[in-house]
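# Breakdown of the fold
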Amino acid sequence: MIPESQVPRRRGAGRLVIGLAVGVVLLVLFFARGIAGFYTDYLWFDSLDFTSVWSGVILAKVGLFLAFTAGFFLLCGGNLLLAERLAPAFPPAGPEEATLADVRRLLDRRPGAVRLGVALFLALIFGTGAAGHWKEWILFRNHVPFGTSDPEFGRDIGFYVFQLPFLAFLTNVLFSALVVTLIVTAVAHYLNGGIRFQIPGRRVTPGVKAHLSVLVAAIAFVKAANYYLDRFELTFSTRGAAQGATYTDVNAQLPALNLLIVISILAALLFLVSIRRGGWALPVTAVGLWGLVAVVAGSVYPALVQRFRVEPAESTKEATFIQRNIDATRVAMGLETVDVRPFAYDEQLSANALANNAETVRNIRLWDPQVLQRTYQRLQEVRTFYRFTDVDVDRYRVQNDTTQIVLSARELNPNSLPADTWENRHLAFTHGYGAVLSPANSVTSDGQPDFLVKNIPPQGEPAITEPRLYHGEALGGYGIVNTGRDEIDYLREDGTAVTNRYDGEGGVGIGSIPRRLAFALRFGDVNPLISGFMTDDSRILYVRDVRNRVATIAPFLHYDRDPYPVVLDGRIVWLIDAYTTTNMFPYAQQADLNRVNPASGLNHQFNYVRNSVKVVIDAYDGDATFYLVDPDDPIAAAYAKAFPNLFARAEPPAELRAHFRYPEDLFRVQTNMWGRYHISDANEFYSQSDRWNIAQDPGSAGATPGPVPVDAAGVPVGRPREGRMDPYYLLMRLPDEPRAEFLILQPFVPFSDDDSRRELSAFMVAKSDPTEYGKLEVFVMPRDRQVDGPAIVNARINQDPEVSSLITLLSRAGSEVLQGNLVIIPIEQSLLYIRPLYVQATGPNAVPELKKVIVAFGGRIQIRDTLQDALAAVFGDAPPTLEEGPSPGPQDPAAPSPPSAMPEEVRRILDDAARAFAEADTALRNGDPVGYATKVQEGRQAFERARQAAARDATTPTTVTATAAPG
């Protein structure tokens, strides 16, 4: 008979066993999922033949972790062991001993385990932190020379980019490790009785003093090395008028650092000497001297030099160092070879000149990508489970002519499936289908894109023989192919499905039970393991978003935010620009990220950038090919040295090079910087008198202005800041060039704090064609006359009575007008401004259609149904464009009346609005912000009265979303 007193004990023991069992199971599951993730990562890299890159990154992280963990463990553990050996046999009696007796008895039970635990815990912290510096380690090990030296120390730039970051990290970690070890060791000596504060006579035993003195001396030596490296980091100083070592840094901070190196070494020697001489006088003197020099020489003296020697004559004192910054920044940002050319602006453009530039005219972009995305979605979506995530601009050969094209891939929309089941999401609906392409200038008689490629299956040229897209933009999750379930390509009009079986080599085989289990653990989804649709040939596709895909393969590169599709040999591939950057280029200025999209890989601090790599992702198989297109980039060369199997050994094929675009993200950074760094003279750079800014966005300039800033008395004192123009792609012939080229363009205006300067200063282009890819050119407007910038031209367009009246009339009958981007087209030595107008019905299923085109040249503004008609109205004649023009037939009763039928009241009020806007334009030119704001308000009020009058005359409500006032 079991005594009753023992029953609770056994029940308690049972609960303990169950708890332990549950804990073990949870622990196994936790580690099992981590192991599954590691294993499936390997399988994924292996399927792409990039296991050497994966293992290289893993080994760098693991190697650093193990090295720094072991190093600190030996350092800390060895000093704790020595502290135990130096402990007095009989701790001195005193008030502290009673308090510490219990602690000592506890530690004395397992002294080795305590030492091991403390050292290992701290070592793991240091090791984990060190693993995060794997990129610095890889570049340090594989460094290559830049071939140029910094102007202050004469060191090759490669020392700063590849070696200095890791050396600085190493000395900082070693300094921190020694300080932590000193503290832990001192505590150990205190617990062991080697240090006492409340006893008379000697409070530190000689052995303990020697031990701690050696540690402090080591800290001082490491600090001296740190000071030595700090000298080179002066080339990144932000103290002066430009980044880099300035007058104060070179003439005050640098000598102070040299002195601190000497003082640190002297302090270390004094600590070592004090071991034999006894007492603490020498160490205290050393520390005091060190601290005094650090404060006076390291901080106070440079501040005094800056204030009393530099600031009273800063432009003179800093001239040499500003010039270094200009030169370094131009090189680091790829701006050293910019070709600056004068643009002899005139307004003598004729119809003959237009005819001589017929290719430019034929390719003037009338379809804005943002507007066209909605049009594509409504006309070519076909089914809700497809979507167009983005519209891109490229060029293709169309009937033997190079033509600017807008295109978009028809991608899978997994959030709009007919039924959101696991089978549908992962087995049936696995891919997008085809793409749509249309000329950027081409419009049908209905105001819709004139498609080159459309519909499902794809129809047209260039022919798409493999339309399925298993990899694309913003495509998450996973798909499983070659299962017992057919994949749906599309649905016929009668609702029946057209299906397909994947026959590619992409993805990872998932035919075996262990692999299915691994993927079930990875995705936290048991269905891949238990589904009856799985076969021995099944393959799982994951990391299908193309940006995530390339970032997973090569995480040390930075990627453009805008991958774009290319139709190549009947297949669809994705082209992605990759960048190398560093923050360690001496004397170079930090990049201006003002207009860089948050999703861009360039949205981080750097002062050197190169677009050295182009990546191609096959939309069907997911194969990734990394092309090193700039082998002169030392950072890319270092990565190629570290990962020799990453980059393709062959050159990109000519068919692919024909679709390379100069990347927009990089161009934004470069134009941001060029606004300031087009100035090459140090004195002019300091004064900033000729600084440029990106031209104001005509969309923002035409929108309703925000509140005008006012002073305490409520008097307007300025204007709200406006957005800046985005760069845009063009296919055009530049002045004095023999042929049309595909390029990206960005206009500049003079810089002003109040944003009032709107005249055109210059425009920059970057070429994309293979023969001159990457060439940057700047065309500078004449200095002796004012050339109207986009915001001024936009104001004139919106002041034009015919334009305003047509916008009002087009906005009737339940429609709304969308104003397209205002595009500058340089032709010969003149500038054309083109703005398309789109009309769409109000409602959720609206389809924007191109209905009017505005052409502005000099003082002439015309609005017509087609670009060719508008050009002919301005110049008398115009070469043909790709538009068809309006369809013939009877006038729709709901269509707006032509301008001649405009009610007299509306015309009169619009004339008042035009006069007010003209006076506002005059006030803007005269630098009168108060008058400008007043006249803009008058014009807007008049325009609103005209809108109301037109609405009263209409038979249906009026909706006006178009803008109609100057910026």
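Because the structure is predicted, anything quoted here is derived from the model rather than measured.

### Some remarks on the overall build of the chain
- When helices and strands are counted, the chain shows 28 helices and 30 strands.
- With 967 residues in all, the chain has 52% of them scored as buried.
- Taking contacts inside the chain between residues at least 6 apart in sequence as the whole, the part at least 24 apart equals 70%.
- Split by element, the accessible area of the chain, about 41,400 Å² in all, is 56% carbon and sulfur.

### Structural notes on the packing of aromatic side chains
- Per the counting criterion, the structure on display carries 46 aromatic pairs.
- With centroids separated by 5.1 Å and ring planes inclined at 35°, the aromatic side chains of Phe 140 and Phe 166 adopt a geometry described as tilted. With a gap of 26 residues between them, Phe 140 in helix H5 (residues 134-141) and Phe 166 in helix H6 (residues 157-192) connect regions that are remote in the sequence.
- Residue classification places Phe 140 among the partly exposed positions, given a relative accessible area of 22%.

### A word on the nonpolar core
- Formed by 129 residues in total, the largest nonpolar core has its most connected members in Phe 50, Phe 556, Leu 557, Tyr 559, Val 615, Phe 626 and Leu 646.
- Looking at which element gives the most residues to this core, the answer is helix H8 (residues 247-277), with 13 residues.
- Residue contacts for Tyr 559: discarding those within four places in its chain leaves Arg 547, Val 550, Ala 551, Ala 554, Ile 576, Asp 577, Ala 578, Tyr 579, Ser 600, Gly 601, Val 615 and Phe 626.
- Residues Tyr 345, Ala 440, Val 803 and Val 823 belong to the second largest nonpolar core, which totals 105 residues.

### Some remarks on the environment of Arg 739
- Structurally, the position occupied by Arg 739 is in the loop between strand E22 (728-732) and strand E23 (741-750).
- Sequence separation of Arg 739 and Asn 357 is 382 residues, and the distance between their C-alpha atoms is 9.1 Å.
- The contact partners of Arg 739, leaving out residues within four places of it in the chain, are Met 732, Arg 733, Asp 769 and Thr 771.
- Polar contacts involving the side chain of Arg 739 include one to the side chain of Thr 771, which spans 2.9 Å.

### A look at the confidence of the model for the chain
- When the pLDDT values of the chain are averaged, the result is 86; 86% of them are 70 or greater.
- Low pLDDT, under 50, characterises residues 700-713; the predicted model gives this stretch 36 contacts beyond four residues in sequence or across chains.

### Focus on a nonpolar patch on the surface
- Residues Val 214, Phe 221, Ile 265, Leu 269, Leu 272 and Ile 275 make up a contiguous nonpolar surface patch of roughly 440 Å² in combined accessible area.
- Among the elements of the structure, helix H7 (206-233) and H8 are those that each provide at least two residues to the nonpolar patch.
- By secondary structure assignment, the location of Ile 275 is in helix H8.
- With a relative accessible area of 32%, Ile 275 lands in the partly exposed category.

### Considering the pairing of strand E26 (residues 815-819)
- Burial analysis of E26 places five of its five residues in the buried class, which makes it a mostly covered element.
- Judged by which residues are buried, E26 turns out to be covered on both faces: Ser 815, Val 817 and Gln 819 on one side and Glu 816 and Leu 818 on the other are all buried.
- In this structure, E26 lies alongside strand E28 (residues 830-841), joined through five bridges in antiparallel fashion. What sits directly across from Val 817, in E28, is Val 839.

### Points about the pairing of strand E19 (residues 608-618)
- Here E19 lies mainly inside the structure; 11 of its 11 residues are buried.
- Strand direction decides the pairing type here: strand E18 (residues 571-582) and E19, joined by nine bridges, are antiparallel. Its bridge partner lying in E19, Leu 575 is registered against Val 616.
- With five bridges joining them, E19 and strand E20 (residues 624-628) adopt antiparallel strand pairing. Bridge pairing links Val 615 to Phe 626 in E20.

### Notes on unusual backbone geometry
- Omega for the bond connecting Ile 456 with Pro 457 falls within 30 degrees of zero, at -5°, which places this linkage in the cis form.
- Here the bond from Glu 461 into Pro 462 is cis, since omega is 5°, no more than 30 degrees from zero.
- Position of Pro 462 among the secondary structure elements: in the loop between strand E9 (459-460) and strand E10 (468-469).
- Even without glycine at this site, Tyr 587 takes up a positive phi of about 75°.
- Tracing the chain through its elements places Tyr 587 in the loop between E18 and E19.
- Phi at Glu 828 takes a positive value of approximately 55°, unusual for a residue other than glycine.
- Mapped onto the secondary structure, Glu 828 falls in the loop between strand E27 (823-827) and E28.
- The class for Glu 828 is partly exposed, based on a relative accessible area of 30%.

### Considering the side chain of Glu 759
- Mapped onto the elements of the fold, Glu 759 is located in the loop between E23 and strand E24 (762-767).
- Accessibility expressed as a relative area gives 15% for Glu 759, which makes it buried.
- There is a polar contact of 2.5 Å between the side chain of Glu 759 and the side chain of Arg 757.
- With residues near it in sequence (within four places) discarded, Glu 759 still touches Phe 748, Val 749, Pro 750, Gln 786, Val 787, Gly 789 and Ile 792.

### Structural notes on helix H19 (residues 634-642)
- Taken as a whole, H19 has its buried residues at Pro 634, Ile 635, Ala 636, Ala 638 and Tyr 639.
- The inward-facing, buried residues of H19 contact H5, H6, E18, E19 and E20.
- A side-chain oxygen of the first residue of H19 lies 3.3 Å from the backbone nitrogen of Ile 635; this N-cap is Asp 633.

What counts, and where the lines are drawn
- Residues numbered from 1 in each chain as written.
- Predicted model: local features only at pLDDT ≥ 70, side-chain atom pairs only at ≥ 80, totals over all residues.
- Heavy atoms only, no water.
- Helix = DSSP H or I, 4+ residues; strand = E, 2+ residues; numbered from the N terminus.
- Buried < 20%, exposed > 50% of the residue type's maximum accessible area, 1.4 Å probe, protein only.
- Contact = heavy atoms within 4.5 Å.
- Areas by Shrake-Rupley, 256 points an atom, 1.4 Å probe, with all protein chains shown as cover.
- Phe/Tyr/Trp six-rings, centres within 6.5 Å; stacked < 30°, edge-to-face > 60°.
- Core = buried A, V, L, I, M, F, W, Y, C linked by side-chain atoms within 4.5 Å.
- Polar contact = N/O pair within 3.5 Å; in protein donor to acceptor, adjacent residues only side chain to side chain.
- pLDDT = per-residue confidence, 0-100.
- Patch = residues over 30% accessible without salt bridge, like charges linked within 9 Å, V, L, I, M, F, W, Y side chains within 5 Å.
- Salt bridge = Lys/Arg side-chain N within 4 Å of Asp/Glu carboxyl O.
- Pairing = 2+ DSSP bridges.

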